[in-house]
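Observations on chain architecture
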Amino acid sequence: MVLKGYPRLSETFVAQEILELERRGFAFDIWSLRRPTDRYRHPMHEAIAARLFYLPEYLHDDPRRVLRAMVHAFRHLDWRRLLPVFLRDLRRDPTPNRLRRFGQACVLAQELDPAITHLHVHFLHTPASVTRYAGLLSGRSFSFSAHAKDIWTTPDWERAEKIADARFGVTCTADGWKELRRVAGAAQERVELVYHGLDLARFPAPPAARPARDGSQPEDPVRLVCVGRAVEKKGLDVLIDALGQLPAALHWRLMHIGTGPLVEALKARAARAGIADRIEWRGSQAQGAVIEALRQADLFVLPSRPAADGDRDGLPNVIMEAATQALPIVSTLFAGVPEFVENGVNGVLVPPGDAPALSTALALTIAEPALRQRLGGAAHARLVAEFSFDSGIDRLETLLKAQMPEAGAARSATAAG
């Protein structure tokens, strides 16, 4: 299993998947292109038994290791198979990052356990390049899980060629699935839609009831929570603007959980809007603290939107996590969000980047506790009925089992017969 960074709190869907596949009998090695930067680990990371290895994030981090792997590749591995592919990629993407992928792939190909015959990679951009190159060098097959940014910021030619070389690919939103099938051409049947879902056993039952706060009492304001990195695609600047436009007589407080490069700019924006004293910036939190914040909140808000560089969300896992606690959801008609949230049924959706529309939606839901209760109950019901973890992991298990050596032997015997 190849990942860009492991472990990461923002990618609990990956840990959830690995842990369940281990429970079903798979044995993994995890290879990460980066070391973790999060302060906390999720309990699932502690439960995962897979051996964990790190590639050199930059080739100059461990030049001897990289040089040794390159010499090994040219002496013992199938470099003639890789070199034309790599040089063609390098002509189209003449960047240091492309060279780094080649070096990391040499290390991966040399150091992989010989018993491993198939590689599965999360994210179709850099990690998939390293995995594809390592597979070409070492004669191993690969498959991929694509998610969000990797779908929308990778060039068409690169996505198409990776899909064509992969045994299969899965992605977690219909929005992303349609995009990958568009670029895949004749190989489009290799890409399947497989929702992550949530393992509900990891979450407590939602609170039996919530206080009927309506924003009229300054001593008991409506509690809003937003969980997400402070990056452009989360739309937190739009959220600050929308909150600043709420009626002064409406009493609320927002808790933001997450880190990111825009935190200080967002704090300054809140100060200019005159609402700094109503916002609590919690930073990164352990999963238990996140769940408790969801349980204590009255309303969840995440106004996702496209970033200028093309980055965008898929279906943010935290939206489904909010639904585990029967929280009403205010978000945007964008990316994979409408695949779970239906406007007026289990949440409220507004156009992305539209602060006045978001402010109107927030004013409505803050002032109407009965509406929040109805929307939150419907969100939980939809999660249980249609976004369970089991169906997605069942399909992934089937696809991965088909790549095992015994499955290949069975296919060969059938063909011979």
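Just so it is clear, the structure is predicted and the values come from calculations on it, not from any experiment.

Scanning the protein chain for helices and strands turns up 17 helices and 13 strands. Long-range pairs, those at least 24 residues apart, make up 75% of the contacts in the protein chain with a sequence separation of at least 6. As displayed, the protein chain offers around 17600 Å² of accessible surface, 54% of which is attributable to carbon and sulfur atoms. Positive and negative charge centroids in the protein chain, built from 53 and 49 side chains respectively, lie 5 Å apart.

So, about the sheet that holds strand E8 (residues 222-227). Reading across from one edge, E10-E9-E8-E11-E12-E13 is the order of the six strands in this open sheet, with parallel pairing throughout. Looking along the sheet, the strands with just one partner apiece sit at the ends: strand E10 (279-283) and strand E13 (347-350). Averaged over all neighbouring strand pairs, the angle between strand axes comes to 20°, with direction disregarded.

What follows concerns the side chain of histidine 125. Inspection of the secondary structure puts histidine 125 in the loop between strand E4 (118-122) and helix H6 (126-138). Leave out the neighbours within four places in its chain, and histidine 125 touches Lys4, Asp150, Thr154 and Lys162.

Looking now at the environment of leucine 83. Examined against the element boundaries, leucine 83 turns out to sit in helix H4 (residues 79-92). The exposure class assigned to leucine 83 is partly exposed, which follows from its relative accessible area of 25%. Between the C-alpha atoms of leucine 83 and leucine 136, which are 53 residues apart in sequence, the distance is 9.2 Å.

Right, let's talk about the packing of aromatic side chains for a bit. Within the structure shown, the criterion is met by seven aromatic pairs. With a centroid separation of 4.7 Å and 15° between ring planes, the pair formed by tryptophan 31 and phenylalanine 53 is classed as stacked. Here tryptophan 31 is found in strand E2 (residues 29-34), whereas its partner phenylalanine 53 is found in strand E3 (residues 51-54), with 22 residues between them in sequence. For phenylalanine 53, a relative accessible area of 29% corresponds to the partly exposed category. Ring pairs connect the aromatic residues Phe86, Phe102 and Tyr133, which therefore count as one cluster.

One broad rule of soluble globular proteins: the nonpolar side chains tend to lie buried together. Formed by 59 residues in total, the largest nonpolar core has its most connected members in Phe300, Phe340 and Leu362. The greatest single-element share of this core, amounting to six residues, is contributed by helix H10 (residues 236-244). Those residues in contact with phenylalanine 300 that lie beyond four places of it in its chain are Val225, Cys226, Val227, Leu294, Val318, Ile319, Ala322, Leu327, Pro328, Ile329 and Val330. One finds Trp31, Val66, Tyr133 and Ala146 within the second-largest nonpolar core, a separate group that totals 37 residues.

Within the fold, glutamate 397 resides in helix H16 (residues 389-401). Here glutamate 397 falls in the buried class, since its relative accessible area comes to 13%. Polar side-chain contacts of glutamate 397 include one of 2.7 Å to the side chain of arginine 24. Other than its neighbours up to four places away in sequence, glutamate 397 contacts Leu21, Arg24 and Phe26.

Remark: H4 packs on helix H5 (residues 96-111), axes separated minimally by 10 Å, with the N-to-C direction vectors making an angle of 160°. The orientation of H4 with respect to H5, classified from their angle, is roughly antiparallel. When the axes of H4 and H5 are compared, the crossing they make is right-handed. Contacts between H4 and H5 involve Leu82, Phe86, Asp89 and Leu90 from the first element and Arg98, Leu99 and Phe102 from the second.

Summed over all chains, the structure comprises zero disulfides. With no disulfide of its own, cysteine 172 has cysteine 226 as its nearest cysteine by sulfur position, at a separation of 19 Å. The exposure class assigned to cysteine 172 is buried, which follows from its relative accessible area of 7%.

On the secondary structure map, arginine 24 appears in the loop between helix H1 (12-23) and E2. Under the relative-accessibility criterion, arginine 24 is labelled partly exposed at 22%. Taking the C-alpha atoms as reference points, arginine 24 and glycine 353, 329 residues apart in sequence, are found 43 Å from one another. Excluding anything up to four places from it in sequence, arginine 24 contacts Asp390, Ile393, Asp394 and Glu397. Side-chain polar atoms of arginine 24 contact the side chain of aspartate 394, separated by 2.6 Å.

Analysis parameters
- Residues numbered from 1 in each chain as written.
- Predicted model: local features only at pLDDT ≥ 70, side-chain atom pairs only at ≥ 80, totals over all residues.
- Heavy atoms only, no water.
- Helix = DSSP H or I, 4+ residues; strand = E, 2+ residues; numbered from the N terminus.
- Contact = heavy atoms within 4.5 Å.
- Areas by Shrake-Rupley, 256 points an atom, 1.4 Å probe, with all protein chains shown as cover.
- Lys, Arg positive; Asp, Glu negative; His and termini not counted.
- Charge placed at Lys NZ, Arg CZ, Asp CG, Glu CD.
- Pairing = 2+ DSSP bridges.
- Axes fitted to C-alpha atoms, helices over the stretch in contact; angles between N-to-C directions.
- Buried < 20%, exposed > 50% of the residue type's maximum accessible area, 1.4 Å probe, protein only.
- Phe/Tyr/Trp six-rings, centres within 6.5 Å; stacked < 30°, edge-to-face > 60°.
- Core = buried A, V, L, I, M, F, W, Y, C linked by side-chain atoms within 4.5 Å.
- Polar contact = N/O pair within 3.5 Å; in protein donor to acceptor, adjacent residues only side chain to side chain.
- Parallel < 35°, antiparallel > 145°, perpendicular 65-115°, else oblique.
- Left-handed = near helix turned anticlockwise from the far one by under 90°.
- Disulfide = S-S within 2.5 Å.

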